[in-house]
Amino acid sequence: KPQILKFRLIPERHGGGGVGGGGGGLLRLLNYAFPVGRYLDIAVSVHITFPLVFGLYLITALGEGHFAWTFRWLSLLFLSVVLHEFGHALACRQVGGTADRILIWPLGGLAACAPPHRVWAHFVTTVWGPLVNVIIAGVCFLVLWLRFGFEAMPVSLDPFHMWLPGRPTGLALLTDLFVVNYALLLFNLALVFYPFDGGRLVQEALWWRLGYGRSMRIATLVGLAGAVVVALVGLAWDELLLVFIGVFGFITCYQQRKQMRFEGADEPAWGQSFDAQGSADRTGWFERWRDRRAAARGQRLREQREQREAEVDRILAKVHEEGLASLSEKEKRVLSEATESKRGG
């Protein structure tokens, strides 16, 4: 069954021996994630690279004189990402799926979710991640509006000017919490390519009309192109994070397409259908159209035969009650045709 995000690129700590030599030790180190607790029966772990990146930001901020603000911002970002992933995981459980792990790493969070293989279950699992950010940002915005009024709001819904300079500086923690969650929401939905939330919502929308297999092929194809664009934009803007996101998206889409080819069509390819046992029907569209026509013709003949038999029964009942002389010419003809048909049979 497809999962919201599989721990394939960055799995948690493996047991057993390494690949061999110093390279094996390095791979084990890069694959290591330390646990930070279990909440609602969901194990939360942090990849080894996350505190390294976190510390690098803090060291840079210390040299630039805004250590406290950076620490607060990164802490709120960590909390918001965890809550976002819990939104995915808990929604997955509500629709009958399983979710037991969340991994936090430098590019965000990965929720190990396996919803039932139905479009609605996947949609609910996907959408509740961004909805958590909507709820948090909405509550913060409402509190700030009640405190300062609309004209004096320290934040705005303009994605390019979330902080408004010259406005009151009170409730700074709430202001930052709004900006973090609003930015997370826009970021997740703006990346409309698989495997990010925006791309998943596009794939699930296509699933309604095209089926899972075709929608996933389209989504991952768009994802490959979108990942290249994001990586190139990151290079042009000198934003290393966007480059990593593009590389991650490209590898994930490539792996998903490779897995679909390896497993074979879990649903019929274009123009195919499933038979009663769930196997792909390999006949072409013309043969299926001809079979449907024959089945419809057979159904019409059965209905016509049933109507004739009912009419003959009615006529025979009339003869029994009123005699043969009571029949009309049409009724006599129907009875005669039925008699000839019986003889021929």
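Residues numbered from 1 in each chain as written. Predicted model: local features only at pLDDT ≥ 70, side-chain atom pairs only at ≥ 80, totals over all residues. Heavy atoms only, no water.

Peer 1: Lay out the pairing of strand β1 (residues 33-39) in plain terms, naming residues and giving numbers.
Peer 2: Relative to strand β2 (residues 42-47), β1 is paired through six bridges, and the arrangement is antiparallel. Bridging from a neighbouring strand, Ala33 pairs with His47 of β2. Between the end of β1 and the start of β2, which pair antiparallel, lie two residues, with Leu40 showing a positive phi angle near 55°. (Pairing = 2+ DSSP bridges. Helix = DSSP H or I, 4+ residues; strand = E, 2+ residues; numbered from the N terminus.)

Peer 1: Kindly report on unusual backbone geometry, identifying the contributing residues and their values.
Peer 2: At Asp41, a residue that is not glycine, the phi angle is positive and equals roughly 60°. Mapped onto the elements, Asp41 comes out in the loop between β1 and β2. In the Ramachandran plot, Asp238 falls in the positive-phi region, its phi being about 60° despite a non-glycine side chain.

Peer 1: Before we move on, can you summarise the packing of aromatic side chains with the specific residues and values?
Peer 2: Under the counting rule described, the total for this entry stands at eleven aromatic pairs. One aromatic cluster is present, formed by Phe50, Phe54, Phe67, Phe71 and Phe78 through successive ring pairs. (Phe/Tyr/Trp six-rings, centres within 6.5 Å; stacked < 30°, edge-to-face > 60°.)

Peer 1: Kindly report on the side chain of Gln256, identifying the contributing residues and their values.
Peer 2: Mapping Gln256 onto the fold places it in helix α8 (residues 240-263). If sequence neighbours within four positions are ignored, Gln256 has contacts with Tyr194, Tyr212, Met216 and Thr220. (Contact = heavy atoms within 4.5 Å.)

Peer 1: So what's going on with the confidence of the model for the protein chain? Which residues, and what values?
Peer 2: For the protein chain, the mean per-residue pLDDT works out to 79, and 79% of the residues sit at or above 70. Put simply, strand β5 (residues 273-274) is where the protein chain has its lowest mean pLDDT, 39, and helix α4 (residues 119-148) is where it has its highest, 94. Below a pLDDT of 50 lies the segment residues 1-27, which in the model reaches 55 contacts outside its immediate sequence neighbourhood of four places, other chains included. Across residues 265-285 the pLDDT falls below 50, and counting only partners more than four positions away or on other chains, this stretch makes 31 contacts in the model. (pLDDT = per-residue confidence, 0-100.)

Peer 1: So, the sheet that holds β1: which residues are in play, and what are the values?
Peer 2: In space, the four strands of this open sheet follow the order β1-β2-β3-β4, with mixed pairing throughout. Each of the sheet's edge strands pairs with one partner strand only, and the pair in question is β1 and β4 (108-114). Here the average twist between neighbouring strands, direction ignored, is 20°. Summarising the sheet, β2 and strand β3 (residues 98-105) pair through four bridges and their orientation is parallel. Each bridged residue has a counterpart across the sheet, and for Val46 the counterpart in β3 is Ile104. (Axes fitted to C-alpha atoms, helices over the stretch in contact; angles between N-to-C directions.)

Peer 1: So what about the environment of Thr252? Which residues, and what values?
Peer 2: Position of Thr252 relative to the elements: it lies in helix α8. With relative accessibility at 13%, the residue Thr252 sits in the buried group. Taking the C-alpha atoms as reference points, Thr252 and Tyr194, separated by 58 residues in sequence, lie 8.0 Å from one another. (Buried < 20%, exposed > 50% of the residue type's maximum accessible area, 1.4 Å probe, protein only.)

Peer 1: Lay out the environment of Gly249 with the relevant residues and their values.
Peer 2: The topology assignment puts Gly249 in helix α8. By relative accessible area, which is 0% here, Gly249 ends up buried. For the pair formed by Gly249 and Val230, sequence separation is 19 residues and the distance between their alpha carbons is 9.3 Å.

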